[in-house]
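# An overview of the molecular structure
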There are 2 protein chains.
Amino acid sequence: MSTTGRKLRADAERSIRTIMEAAERVLSENPGATMEQIAEAAGVSRTTIHRRFASREALIDIMTVAAWKEIAEAVDAARPATAPPQVAMYQATANVLRVKSGWRFALTGQGPLSGEQARAEAARIEADTIGKCDVVIRRAQQEGVIRPDADPLWVRRVYLALLTEAAHGAYSGHAGAPGEAAPAETDADIDELATRVMDTLLRGLGPGS
Amino acid sequence: MSTTGRKLRADAERSIRTIMEAAERVLSENPGATMEQIAEAAGVSRTTIHRRFASREALIDIMTVAAWKEIAEAVDAARPATAPPQVAMYQATANVLRVKSGWRFALTGQGPLSGEQARAEAARIEADTIGKCDVVIRRAQQEGVIRPDADPLWVRRVYLALLTEAAHGAYSGHAGAPGEAAPAETDADIDELATRVMDTLLRGLGPGS
DNA sequence: AATATCTGCAACATCAATGTTGCAGATAGA
DNA sequence: TCTATCTGCAACATTGATGTTGCAGATATT
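The model shown is predicted, which means the values in this text are computed figures rather than measured ones.

### Description of unusual backbone geometry
The phi dihedral of Arg79(A) is positive, around 50°, even though this residue is not glycine. With respect to the helices and strands, Arg79(A) occurs in the loop between α4 (56-76) and α5 (85-100).

This is the structure:
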C-alpha cells in the first residue's frame, strides 16, 4: 500500500528490489506491460507488488527517481566541473554506461507522466544532470577538445544518443532476445564501450584524414 | 469497421488521413494515448475512427506499414546499391529525414506488437531497408569513406541514432512543446540537417586534427 | 434533385487492469 | 520458541478503454 513506512523486514526489502528489477526487464521490453506480467517476472504475486507500491504509477515513479539518482552519482563521480574535460567525459561515460544498462526503461521517460512530486523530483535531477553534462561540453569546447563551431546542443544530443546506443545494444552488438538476461559487463567491456563512444564522438567513423 | 472495402467517398479518405496524422502527433507524445484523445486531436468523433479502422491495433499496424513503405521508398530513391556511397548516403539521409519527421511514432516500433500479418509485413520491409542500409555501409567501407576497421553494426547504429536525433529535435534544436505543430522543413533545412548528420558521422565533433 | 455514403451522438455490452480485503500459512528476528 | 511481519490465494469492487449499434442529419456524387 504505502511507500513511506517504518523499517521493513529483510525479505521485504529483497522483494522490493526483485520487483523493481523485474519491472525494469519487463517494462523496457513493453512499456505497457501489466502488473501481472511484472509480478510473474519477479516471481511474486500481484498483490505483493501492490503491498509494496501504492500503485503502478508509484512503482514507475520510484524506479525513475532511483535511476536518475544513480545517474547523477555516476556523473558527479567524474568531477565534470573540475577534472580535465576529456578525462571527465571518459569517466562519466564509463560510469553512466555501467548504471544505464540496468535502467533501460526508467531512463527513457516514457512512463506516462505520473505523480506530481515524484515526477518533479525526477525532472529536477534530470535537469541538474543535463546541466552538468552541458558544463563539461562547454569546457571541452573551450579547451579545443570539441570543435568550437559545433552547436553545443547538437553535441549533447549526439553524445547522449551514443550513450544510449552503447548501453542498449550490448557490447557485442547482439541485441539480446526478449527475456534473456543481459550478461553482466566486465570492467574491460565497459572501458571498451566508453572508448568507442568517445572515439566516435570526437573522431567520427570516417578515415583519419 | 473494416480495412478492406470498396471505393470510399472523398471525404472519408480525407478523414482517414486526418486520423492517421492526429494519431501520429498524439501517439508520438504518449504511446498509450486513448482513441478518445486521438479522435479529439483529429477533430472527429471516436466512432468515426472505429468505422475506418477495425481496432486500435489495426490503426497502428496500418500506420506502421505505411511509414515503413515511405521510408523504403526514400532509401530506394537514393540508389543505395549503385550510386557512389557518399552520394547515396547523403541522398538517403535527406530523403529519410523528410519522411521520418512525419512518422515520429510509427517508426519507433513501440506499438505493442499487434496483428500477425501486418506486423510481419512491417518487419519484412524494415529488415529489407536495414539490409540496404548495410549495403551502403559496406560499400562505403570498401571505398574508404568509412574507416575499414569500424564495426559495421556499430556504424549502422550510430548512423540510425543520428538520423533519429536529427529528425526528432527540430533543426534548431528546439524540442517543440507538446501539441505544438512541428514547423514544416524547407529544402534548405533538410540539406543542412543531412549535412550535419553526415559530417558528424564521418568526422565527429572533435577538432579537425 | 436523387441517392448513396459519411458523420456525430447516445446508448450499450464487454473486458482487462487496477487496487482492495481477509485469511491462513510461512518466515525472519528476538 | 515466540511474535511480528511477510506472502500467496481467492474473492471482490471499480474504473477506463474498446468496440458496437441505430438513427438522424449533413455531405458528396451522379
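Still to come is the rest of the account.
### Notes on the environment of Ala41(A)
Residue and element names in this part refer to chain A. Inspection of the secondary structure puts Ala41 in helix α2 (residues 35-42). Along the chain, Ala41 and Ala22 lie 19 residues apart, while their C-alpha atoms are 5.6 Å from each other. Every residue in contact with Ala41, bar those within four places of it in the chain, is listed here: Ala22, Arg25 and Val26.

### Let's talk about the protein's contact with DNA strand D
Surrounding DNA strand D, one finds 25 residues, the nearest of these being Arg9(A), Ser15(A), Thr48(A), Arg51(A) and Arg9(B). Arg52(A) places a polar side-chain atom, nitrogen or oxygen, 2.9 Å from a phosphate oxygen of DNA strand D. Measuring from a phosphate oxygen of DNA strand D, one finds a side-chain N or O atom of His50(B) at 3.3 Å. At the level of elements, α1 (10-29) and α3 (46-52) of chain A together with α1 (10-29) and α3 (46-52) of chain B are the ones that each hand at least two residues to the surface near DNA strand D. Of the residues in the surface near DNA strand D, the class split is 6 nonpolar, 9 polar and 10 charged.

### As for the packing of α5(A) against helix α8 (residues 187-203) of chain A
Residue and element names in this part refer to chain A. Where α5 meets α8, the closest approach of the two axes is 9 Å, and the angle between their N-to-C directions is 130°. Accordingly, the angle class assigned to the pair α5 and α8 is oblique. Crossing angle aside, the handedness with which α5 passes α8 is right-handed. Across the interface between the two elements, Gln86, Met89, Tyr90, Thr93, Ala94, Leu97 and Arg98 from α5 touch Asp187, Ile190, Asp191, Leu193, Ala194, Thr195, Val197, Met198, Leu201 and Leu202 from α8.

### Re the protein's contact with DNA strand C
Around DNA strand C, a shell composed of 25 residues is seen, among which Arg46(A), Arg9(B), Ser15(B), Thr48(B) and Arg51(B) lie nearest. The contact atoms of DNA strand C, taken as those within 4 Å of the protein, divide so that sugar and phosphate hold 58%. Taking Ser45(B), its main chain carries an N or O atom lying 3.1 Å from a phosphate oxygen of DNA strand C. At the level of secondary structure, the elements contributing two or more residues to the surface near DNA strand C comprise α1 and α3 of chain A together with α1 and α3 of chain B.

### Quick notes on the interface of chain A and chain B
The accessible area lost on association of the parts is a frequent measure of interface size. In this assembly, 30 residues from chain A lie in contact with 30 residues from chain B. Across the chain A to chain B interface the summed buried area is about 2900 Å²; carbon plus sulfur atoms make up 54%. When the buried surface of chain A facing chain B is broken down by residue, Arg147(A), Trp154(A) and Leu205(A) rank first, second and third, together holding 30% of it. Arg196(B) is paired through a salt bridge with Asp151(A); the nearest N and O atoms lie 3.9 Å apart. Counting the contacts that link chain A with chain B gives 18 residue pairs in polar contact (both at pLDDT 80 or more). Elements supplying a minimum of two residues to the side of chain A that touches chain B: α7 (152-168) and α8 of chain A. Looking at the side of chain A that touches chain B, the element that brings in the most residues is α7(A), giving 9 residues. Its residues assigned to classes, the side of chain A that touches chain B shows 15 nonpolar, 8 polar and 7 charged.

Rules of the game
Residues numbered from 1 in each chain as written. Chains lettered and ligands numbered in written order. Predicted model: local features only at pLDDT ≥ 70, side-chain atom pairs only at ≥ 80, totals over all residues. Heavy atoms only, no water. Helix = DSSP H or I, 4+ residues; strand = E, 2+ residues; numbered from the N terminus. Contact = heavy atoms within 4.5 Å. Near = heavy atom within 4 Å. Polar contact = N/O pair within 3.5 Å; in protein donor to acceptor, adjacent residues only side chain to side chain. Nonpolar A, V, L, I, M, F, W, Y, C, P; charged D, E, K, R; others polar. Axes fitted to C-alpha atoms, helices over the stretch in contact; angles between N-to-C directions. Parallel < 35°, antiparallel > 145°, perpendicular 65-115°, else oblique. Left-handed = near helix turned anticlockwise from the far one by under 90°. Buried area = accessible area lost by both parts, 1.4 Å probe. Salt bridge = Lys/Arg side-chain N within 4 Å of Asp/Glu carboxyl O.

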